[in-house]
Protein chains: 2
Amino acid sequence: MKVNHNAVLLFAAALCLNGICHAQTNTESSASNFKPASTNQQGKMYPQVNSDRKVKAGVMAPQASKVQLDLGGKRYDLVKDDKGMWTGESEPQDEGFHYYQIQIDGAAVPDSNSKYFYGAGRWGSGIEIPAHDQDFYGLKNVPHGLVSENIYFSKLTQAWRRCFVYTPPSYTANAGTRYPVLYLQHGSGEDETGWIAQGHANLILDNLISDKKAAEMIIVMDNGYAFKPNASTAIVNNQPPAPVFEEVMIQEIIPMIDAKFRTRANRDNRAIAGLSMGANQTMRIIMNHLDTFSAIGGFSGTPNYPNGDKLDPAVFLDGKFKNGADVNRKLKVLWLSLGTKEPKPFPASVGAFKQMLDKQKIKYVYAESAETGHEWQSWRRALHGYLPLLFKN
Amino acid sequence: MKVNHNAVLLFAAALCLNGICHAQTNTESSASNFKPASTNQQGKMYPQVNSDRKVKAGVMAPQASKVQLDLGGKRYDLVKDDKGMWTGESEPQDEGFHYYQIQIDGAAVPDSNSKYFYGAGRWGSGIEIPAHDQDFYGLKNVPHGLVSENIYFSKLTQAWRRCFVYTPPSYTANAGTRYPVLYLQHGSGEDETGWIAQGHANLILDNLISDKKAAEMIIVMDNGYAFKPNASTAIVNNQPPAPVFEEVMIQEIIPMIDAKFRTRANRDNRAIAGLSMGANQTMRIIMNHLDTFSAIGGFSGTPNYPNGDKLDPAVFLDGKFKNGADVNRKLKVLWLSLGTKEPKPFPASVGAFKQMLDKQKIKYVYAESAETGHEWQSWRRALHGYLPLLFKN
């Protein structure tokens, strides 16, 4: 008998409902209103978040000599009590989702209290800081689409790959209906799980559809890392790796999706978007394939990354933006966005790209996410702004 | 909004493909043929498994004073080298999947090298020990079904729940075809993710369908923990919790699946099965609802658990097995199975149940999984044996 049957948990969703959380009143001070994070494993009291958006970690490590919370690029020393429980608080964090880890005597480990997410190049801990606008990605009593895992063998990479496919609420009942498709890409160090687990793309679209603010559509989320067989998989300086992902998208993913799902298989009904590295990748893909897509969303990224220098449309991306009027005719939606707290080089490189668009009189929508950095809250908000612009008839 | 919607399907198929693994030759000794486990995160060299099925853990913890591998109910001391890397080997493990963790100076933490699985009441590390018969759950070049995450609000529990739904390879193309359904339940301390991530139920059925050894069917995997609102969630002595799961299954899950998917919605085309606690639950459900299901699989569990005493069919389960001839008429398939290394009380309680069936002249299939315990390899094999018996026309 290898399984410990003592600790039995409920439904894995963080039900911070059943008496675990303390009631919060307006009279409570922020010091006393710490509550378990919604990203905790069921029943785990730590980590906690308070109304100042500070994180309080708790780690049981009786024989350790040094334990730290490693969050937002800083390490916070925790203090041990007489039972061996180490606790300590961080500085206030931005709203939204953050990756973190615990340091125990020099070992960087996931927090055993949290659920695990893929980002920063690894499966590890994440924490959700409640946001003032969290309602738009909340799980609500509205019709919900399905998210399907689709496994396929890629001949171009000679490897098994997978994508997640969101189908909208009406998809299963309306067997005669076909739907437009958004291809939505993750960023560097992330994978095809990010847009659901961290981004809540399905809930964002469920809610928008319910409010009649967005068209019913399919969303396909694949993995942006694709290499020719035997190619190096090394990722250098946050740059997109070997460019075979474009071929995989055009030659393998789109034909597979059009064959397997009830799509409207034409450019008017096909959009693409991505965050950071995914923005860079998808902008290049669409400009090479304007016959395939009609809308692009670049969330916290542009194809001149990491360069902030002025762009010459005659040569940039082989002159793809040289004829602004032609780009305007072909692109129904060109969306760019950025968090107001994004670090270098994003403001400069996105800014240079916008200036080039302005110069070419190319129409685009630009949005900023207030008080967020190069993180998921910026990208949730970007998706929420971008989706209503798509597939308007 | 308090519910964290963590939709990550850990695709734990053995991707020991991408150049991570060293070539193994017949001349290598077991001491030298350690290879990274297929359950490792991409690119991680530890933990490793050798041909003796020993596990070698590796943890970087420069300032720690004691690091242990906690696997199979034993703790193995690791030894530090001059770079701060702790390594050490376990005794030989059984074939198949095992949960494990790392102890660092008294802190029980997930291994940062592994992927994470839900079991033993927590998200944590798991390791795959290659099995001689692993081909039947291997990821092969055959048509693959989809696995969909389906979120729903349960009125009976007043909570958000989810199930994963496997649809067979032909489902998307054959819009006019309806399919039989298997409802498949996890065990104690596990959840609705287990049968895909640890059990590879989708790959097992993909392979059987490709070999024409099983019918194309839908598999629904929901969460066996379901309580009335505000009911206690305490679970005592590994007993199944409050019995509202039966009501959720009959009144909520099945009608939802029949409405949302193209099912053959009748008892002849509906089967149920479960492992351990799930075997107990599903046996009770089917005996109360022979109008709803026609086949049952009890993997390493029976409804008399944990009792090994002789059963009186006049009173056991309210006399549901009293009329053996009637049970034989109604149950097309009654499957029981057990691993040969299962601990108390499983052999005795399953044995007592079988004796009762024999006495009542109730037909059943009994299978044993050689050299495996109360773990996933027993249950993969059980599913692989059970599926071909279902929905024969």
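Residue numbering note: each chain is counted from 1, following its sequence as written. Here the convention is simple: chains get letters from A, ligands get numbers from 1, in the order in which they are written. Two thresholds apply to this predicted model, a pLDDT of at least 70 for residue-level local features and 80 or more for giving and counting side-chain atom pairs, whereas whole-chain, interface and lining totals are computed over all residues. Side-chain metrics in this entry use all non-hydrogen atoms of the structure; hydrogen atoms and water are not considered.

Considerations on the domain arrangement of chain A
Interfaces are often described in size by the accessible area the parts lose on coming together. Residues and elements named next belong to chain A. Short version of the rule: The source of the domain bounds is an automatic or database domain assignment. Contact criterion: two residues are considered in contact whenever any of their non-hydrogen atoms come within 4.5 Å of each other. Summed over both partners, the accessible surface that disappears when two parts come together, traced with a 1.4 Å probe, is what is meant by buried area.
Split into domains, chain A comes out as domain 1 (34-130) and domain 2 (135-389). Using C-alpha coordinates to define each centre, domain 1 is positioned 31 Å away from domain 2. With 13 residues of domain 1 at the contact, the number on the domain 2 side is 16 residues. In total, about 1,100 Å² of surface goes out of reach between domain 1 and domain 2, with carbon and sulfur atoms giving 42% of it.

Side note on the packing of aromatic side chains
The test is simple: By convention, a stacked pair of Phe, Tyr or Trp rings (six-membered ring in the case of Trp) has centres within 6.5 Å and planes under 30 degrees apart, an edge-to-face pair has planes over 60 apart, and any other such pair is tilted. Summary of the burial criterion: residues with accessible area below 20% of their type's maximum are buried, those above 50% are exposed, and those between are partly exposed, where the area comes from a 1.4 Å probe applied to protein chains only. Consider the ring centre and the ring normal. A charge sits over the ring if Lys NZ or Arg CZ is within 6 Å of that centre and within 35 degrees of that normal.
Summed over all chains, the structure comprises 35 aromatic pairs over all chains. Between Tyr171 of chain B and Tyr179 of chain B, the aromatic rings sit 5.4 Å apart at their centres with planes inclined by 40°, giving tilted as the arrangement. For the pair shown, Tyr171 of chain B and Tyr179 of chain B are each scored as buried. Put simply, the rings of Trp195, Phe299, Trp335, Trp376, Trp379 and Tyr386 of chain A pair up and form one aromatic cluster. For the cation-ring pair, Arg262 of chain B lies above Tyr171 of chain B, with the distance from its terminal atom to the ring centre recorded as 4.0 Å.

So, the sheet that holds strand E6 (residues 79-80) of chain B
All names here are of chain B. Applicable threshold: Note on pairing: two strands pair once DSSP finds at least 2 bridges between them. Helix numbering and strand numbering both begin at the N terminus, where a helix is a DSSP run of H or I of at least 4 residues and a strand a DSSP run of E of at least 2.
Sheet architecture is open: five strands sit in the order E1-E2-E3-E7-E6, paired in antiparallel fashion. Each end of this open sheet is capped by a strand with a single partner; those strands are strand E1 (35-36) and E6. Alignment of strand E3 (residues 55-60) against strand E7 (residues 85-89), held across five bridges, turns out to be antiparallel. Among the inter-strand pairings, Met60 is bridged to a residue of E7, identified as Met85.

Some thoughts on the packing of helix H3 (residues 244-260) of chain A against helix H4 (residues 277-288) of chain A
Residues and elements named next belong to chain A. Note the threshold: The axes are straight lines fitted to the C-alpha atoms, using for helices just the contacting stretch, and the angles between their N-to-C directions are given from 0 to 180°. With respect to orientation, any angle under 35 degrees is reported as roughly parallel, any angle over 145 as roughly antiparallel, any angle of 65 to 115 as roughly perpendicular, and every other angle as oblique. When the near helix sits turned anticlockwise from the far one by under a right angle, the crossing is termed left-handed; a clockwise turn instead gives a right-handed crossing. Charged means Asp, Glu, Lys or Arg here, nonpolar means Ala, Val, Leu, Ile, Met, Phe, Trp, Tyr, Cys or Pro, and polar covers whatever is left, Gly included.
One way to put it is that H3 packs onto H4 with a least axis distance of 10 Å and a crossing angle of 55°. It follows that H3 is oblique to H4 by the angle criterion. H4 is crossed by H3, and the crossing has right-handed handedness. In this structure, H3 uses Phe245, Glu246, Met249 and Ile250 to contact H4, whose residues at the interface are Gln281, Arg284, Ile285 and Asn288. Classifying every residue of the contact of H3 with H4 by side-chain character gives four nonpolar, two polar and two charged.

Details of the confidence of the model for chain A
All names here are of chain A. To be explicit about the condition: Known as pLDDT, the predictor's confidence for each residue is given on a scale from 0 to 100.
When the pLDDT values of chain A are averaged, the result is 91; 89% of them are 70 or greater. Ignoring residues within four places in sequence, the model shows residues 1-26, a span with pLDDT below 50, making 71 contacts including any to other chains. Both confidence scores are given for the complex: pTM 0.92, ipTM 0.91.

Observations regarding the side chain of Asn223 of chain A
Here Asn223 of chain A is to be found in the loop between strand E15 (218-221) and H3. Beyond its immediate chain neighbours, meaning those up to four positions away, Asn223 of chain A contacts Arg161, Arg162, Gln185, His186, Asp191, Glu192 and Phe245 of chain A.

Some points on helix H7 (residues 376-386) of chain A
Residues that lie three or four places apart on an α-helix share one face, since the helix turns once every 3.6 residues. Of all 11 residues making up H7 of chain A, nine are buried, and the element is well covered by its neighbours. Restricting attention to buried positions, one finds in H7 of chain A the residues Trp376, Gln377, Ser378, Trp379, Arg380, Arg381, Ala382, Leu383 and Tyr386 of chain A.

Details of the sheet that holds strand E1 (residues 35-36) of chain A
Residue and element names in this part refer to chain A. Read from one edge to the other, the open sheet built from five strands follows the order E1-E2-E3-E7-E6, with strand pairing classed as antiparallel. Because the sheet does not close on itself, it has two edges, and the strands there are E1 and strand E6 (79-80). As judged from the two bridges shared by E1 and strand E2 (residues 48-49), these two strands associate in the antiparallel manner. Bridging from a neighbouring strand, Pro36 pairs with Gln48 of E2.

Notes on the pattern of salt bridges
Residue and element names in this part refer to chain A. Defined as follows: A pairing counts as a salt bridge when a side-chain nitrogen of Lys or Arg comes within 4 Å of a carboxyl oxygen of Asp or Glu.
Going through the model one piece at a time under the given rule, you end up with 30 salt bridges over all chains. Arg381 serves as the salt-bridge partner of Asp133, at 2.7 Å between the closest nitrogen and oxygen. With Asp133 in the loop between strand E11 (122-129) and strand E12 (146-154) and Arg381 in helix H7, this residue pair connects regions lying 248 residues apart in the sequence. In this structure, Asp133 and Arg381 share a single accessibility class: buried. Counted as one network, the salt bridges with shared partners bring together Glu95, Asp133 and Arg381.

Section: H4 of chain A
Residue and element names in this part refer to chain A. Our working rule: Expected helix span is taken as 1.5 Å per residue step, with the number of steps being one fewer than the number of residues.
A rise of 1.5 Å per residue sets the reference length of H4, with its 12 residues, at 16 Å; its end C-alpha atoms lie 17 Å apart and thus fit the reference within 8%. For H4, the buried fraction is high: 10 of the 12 residues fall into the buried class. The complete set of buried residues in H4 reads Met277, Gly278, Ala279, Asn280, Gln281, Thr282, Met283, Ile285, Ile286 and Met287.

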